[in-house]
Amino acid sequence: MKKKIYNFSAGPAMLPDEVLKEIKKNFLNWNNIGASIIEISHRSKEFYNIIVNSKKYLNELLNISDKYTILFCQGGARAQFSAIPMNLLDQFHCADYIDSGYWSYNAMIEAKKYCVPNHINIKKNTDGQITLLKMEDWPININSDYIHYCPNETIEGIAIHEEPNFKNKIVVGDFSSTLLSRKINIEKYDLIYASAQKNLGPSGITIVIIKKKLLKNSYPFVPSILDYKKIFDSDSMFNTPVTFSWYVVSLVLKWAKNQGGIDFFEKNNYRKSHLLYQTIDNSTIYMNTVHPNNRSHMNITFHLRNPNLNDIFLQKSHEAGLKFLKGHKVVGGLRASIYNSMTMTGVKKLIQFMKNFEFKFKRI
Ligand SMILES: *Cc1c(COP(=O)(O)O)cnc(C)c1O
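Residues numbered from 1 in each chain as written. Predicted model: local features only at pLDDT ≥ 70, side-chain atom pairs only at ≥ 80, totals over all residues. Heavy atoms only, no water.

(A) Looking closely at the pairing of strand S4 (residues 118-121). The sheet contact formed by strand S3 (residues 96-99) and S4 spans four bridges and is parallel. When the sheet's bridge partners are listed, Asp 96 is paired in S4 with Asn 118. For the crossover that starts at S3, traverses helix H4 (residues 102-111) and ends in the parallel S4, the hand is right-handed. (Pairing = 2+ DSSP bridges. Helix = DSSP H or I, 4+ residues; strand = E, 2+ residues; numbered from the N terminus. Right-handed = clockwise from strand over helix to strand, strands pointing away.)

Shown next, in the form of structure tokens:
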């Protein structure tokens, strides 16, 4: 029996206990076929059920209409940074890249290999607080093939909660750290992608939800494994898929449905993040620098006002079983990633620890 810890890792992140137990129970003899799930063909009828179910659960959870198709890709979200311009650049050879932080900026840098993207920085730093330009004020270009943005910046803990409403513009969203965390209207998007290791399962697999009308014969230089139409035509099996990751994703999706679907997670994630932000805002030793309108419900970043306390915080929290709270190196400080699998109990343990720590160290 493993020792119980609370895992606040940003990704790969914790998975639900129920899912881990089911994997363990079935690992050596999956569904009584006498072999492990990782030992069978992706083209077998046994694996076929996993494919069908994962699509079915996603369609139900996100209310995806048949105007869209779901592709299961490899290479993480980073491969999509290349696949998107390769597949979607069209008459203008140019796209709008909204820059709200590390990941959206890096998507733009990759797109530079294929076009000269319009770099649209929407971050403002007012008196030490980060605010984002409202979506309705984004300076979108008429002469661009699509707009790319990231609704949840995993590293900075910045979120865009509004939904896009751009006329005649293809909208692409990097949902890697937020898919299934809250309600979204799929119809507002043309392409949504998410690598699994934040909120959906283990690393290796990336979900792409794309409008079917965008599937077209691509330029001859596009690598086949990044070609959406080829991936679609081969049922996401142009090359051997990451079968184990796909299997675990299907279990996480089933678990998500049984928990009560997105309605449940949206409420729970709001409550969890709200309690943490309250603790930070009401304290004299912690602070968060993101405007309340743009705070992430998944990745809660915070700093100690006295940076010398950072390492002590990390050491003491680690000893208390609250693990992986170190902020990403590009922003420093601390970060609690509280994806769907993180329970309210875990968040309350962290809050209790933060309050005790504050009581002890507020004078230092
Ligand atoms: C983690 C992350 C990525 C990178 O994902 P990989 O699977 O490592 O390529 C991209 N975008 C966002 C928003 C992320 O959180």
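Next, the rest of the story.
(B) Main features of the domain arrangement of the protein chain. Here the protein chain is partitioned into domain 1 (31-259) and domain 2 (260-361). Taking the mean C-alpha position of each, domain 1 and domain 2 sit 27 Å from one another. The interface of domain 1 with domain 2 comprises 30 residues on the first partner and 28 residues on the second. Around 2,500 Å² of area is buried between domain 1 and domain 2 when both sides are counted, 54% of it from carbon and sulfur atoms. Summed over the three residues of domain 1 that lose the most area to domain 2, namely Ile 155, Lys 183 and Gln 259, the buried surface amounts to 20% of that side. In this assembly, domain 1 and domain 2 are joined by two salt bridges. Of the charged contacts in the structure, one is a salt bridge between Asp 263 and Lys 183, with a shortest N-O distance of 3.5 Å. Elements with a minimum of two residues in the side of domain 1 that touches domain 2: helix H2 (45-62), strand S6 (129-132), strand S9 (158-159) and helix H6 (243-259). If you tally residues by element for the side of domain 1 that touches domain 2, the top one is H6, at five residues. (Domains from an automatic or database assignment. Contact = heavy atoms within 4.5 Å. Buried area = accessible area lost by both parts, 1.4 Å probe. Salt bridge = Lys/Arg side-chain N within 4 Å of Asp/Glu carboxyl O.)

(C) Structural context of the layout of surface pockets. There is about 370 Å³ of room inside the largest pocket. When contributions to the lining of the largest pocket are tallied by element, the ones reaching two or more residues are strand S1 (6-7), helix H1 (17-26), H6 and helix H7 (261-281). A per-class count over the lining of the largest pocket returns 10 nonpolar, six polar and four charged. (1 Å grid on protein atoms, 1.4 Å probe; cavity = no way out; pocket = protein on both sides within 12 Å on 5 of 7 lines; lining within 4 Å. Points joined across faces, edges and corners; volume = space filled by probe spheres on them. Nonpolar A, V, L, I, M, F, W, Y, C, P; charged D, E, K, R; others polar.)

(D) Examining the packing of H7 against helix H9 (residues 344-361) more closely. With their axes 10 Å apart at the nearest point, H7 and H9 run at an angle of 0 degrees to one another. On the basis of the axis angle, H7 is roughly parallel to H9. Contacts from Asn 268, Arg 271, Lys 272, Leu 275, Leu 276, Thr 279 and Ile 280 in H7 reach Met 344, Val 347, Lys 348, Leu 350, Ile 351, Met 354 and Lys 355 in H9. Partitioning the contact of H7 with H9 into residue classes produces eight nonpolar, two polar and four charged. (Axes fitted to C-alpha atoms, helices over the stretch in contact; angles between N-to-C directions. Parallel < 35°, antiparallel > 145°, perpendicular 65-115°, else oblique.)

(E) Representation of the site of the ligand. Around the ligand sit 14 residues, and of these Arg 78, Thr 154, Asp 174, Gln 197 and Lys 198 come closest. Note that an oxygen atom of the ligand is positioned 2.4 Å from one of the side-chain N or O atoms of Thr 154. In the model, an oxygen atom of the ligand is placed 2.5 Å from a nitrogen or oxygen of the Lys 198 side chain. Contact with the protein chains hides 87% of the accessible area of the ligand, taken as 380 Å² for the molecule alone. Counting residues per element, the shell around the ligand draws most heavily on helix H3 (residues 76-88), at four residues. For the shell around the ligand, the class distribution of residues is four nonpolar, seven polar and three charged. (Near = heavy atom within 4 Å. Polar contact = N/O pair within 3.5 Å; in protein donor to acceptor, adjacent residues only side chain to side chain. Areas by Shrake-Rupley, 256 points an atom, 1.4 Å probe, with all protein chains shown as cover.)

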